[in-house]
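One letter stands for each residue in the lines below.
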Amino acid sequence: LGIAAIVVSATAMGTAGLFGRMATPPGAVLGEALTFGRMLVGGLGMLVMLALSRRLGKLRRARLSWSVVLGGVFLALSLATYLSATVLTDLSRAVVLHYLGPVLATVFARMFLGETITRRDAVSLVAAFTGMLLAAGLIGGAPAPSSDEQVLGTVLGVVSGVFYGAALLCYRYRSDMPADVRSFWTFAFGAAATGLVVVVTRPDLSGMTPGNWVWAIGFFVVCGLFALGLLVVAGSYLRAAELAGLSYLEVVVALLLGVAVFGESVSLLAGVGAG
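The following refers to the structure shown. (Residues numbered from 1 in each chain as written. Predicted model: local features only at pLDDT ≥ 70, side-chain atom pairs only at ≥ 80, totals over all residues. Heavy atoms only, no water.)

## Brief notes about the packing of aromatic side chains
Aromatic ring pairs are reported here in terms of the distance separating the ring centres and the angle at which the planes meet.
Thought 1: Applying the stated rule across the entire model yields seven aromatic pairs.
Thought 2: Among the aromatic residues, those joined into a cluster by ring pairs are Phe184, Trp185 and Phe189. (Phe/Tyr/Trp six-rings, centres within 6.5 Å; stacked < 30°, edge-to-face > 60°.)

## Description of unusual backbone geometry
What you tend to see is this: most non-glycine residues have negative phi, and most peptide bonds are trans.
Thought 1: At Arg54, a position not held by glycine, the phi torsion is positive, near 55°.
Thought 2: Take Arg54: it is sitting in the loop between helix H3 (31-52) and helix H4 (56-61).
Thought 3: Under the relative-accessibility criterion, Arg54 is labelled exposed at 79%.
Thought 4: The phi torsion at Arg202 lies on the positive side, around 50°, for a residue other than glycine. (Helix = DSSP H or I, 4+ residues; strand = E, 2+ residues; numbered from the N terminus. Buried < 20%, exposed > 50% of the residue type's maximum accessible area, 1.4 Å probe, protein only.)

## Focus: the side chain of Thr186
Thought 1: When you line up the elements, Thr186 lands in helix H10 (residues 179-201).
Thought 2: By relative accessible area, which is 2% here, Thr186 ends up buried.
Thought 3: Setting aside residues no more than four positions away along its own chain, Thr186 makes contact with Met39, Gly72, Leu75, Tyr171 and Val232. (Contact = heavy atoms within 4.5 Å.)

## Some points on the environment of Leu83
Thought 1: Looking at the secondary structure, you find Leu83 in helix H5 (residues 66-88).
Thought 2: Considered as a pair, Leu83 and Ala16 are 67 residues apart in the sequence and their alpha carbons are 7.7 Å apart.
Thought 3: With near-sequence residues (within four places) excluded, Leu83 lies in contact with Ala16, Gly20, Gly31, Leu34, Thr35 and Phe219.

Next comes the structure, spelled out in structure tokens:
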């Protein structure tokens, strides 16, 4: 169940850059607003599912803890900064920086939870991370044009990776909480965190066209309720090292979408990295 959940989740997560770009008007940076909608729709969807399955009682009786709260907050902040990075820099580069998170989560899980990192885990993780660097052109590729937007996008990508690693670590705590209940609270606290950011930053949504809103709604459902709900399920059943290795499928999906939809070039080394 954990393996199936992370494979489907990573595939859906790989479309986030596509949805995010298509939902964002030219010149706008709406990562926090889109992430707020993503978390809000996910929370409402999980609430409906819990009601239909007559499990609302489980929700009321669940004991909250710091790991549950921080898991939602860290994930939301990670996704908000990641979406902004995809608008400001290359999609493949943003994904690679975001996926510093699983590496950090594996190290943190070893330090704080005593989780074992086997030789196979280490080889898989190093191979996946090296492949990411190749896929993004950070090894053997031509230097990216330097601009203020590129620099800001790179910084936001690194920040998203740190927050993502912290969120994945939080999912390794409280394995006693049912996955659907944990998903609801992840969405709820994530929506609260990004809602606060939206209130402070007040992003300008006036340029949103009907087409942008259609893409945004698709983003909320596919990359929110579907992808993030399954990510929480996977985090409940897999060790951090297992979750990290399998989650890199998102990089391949994002790379292929960058080529097919946005015409981003892929060198031979980048193709090898994706492979």
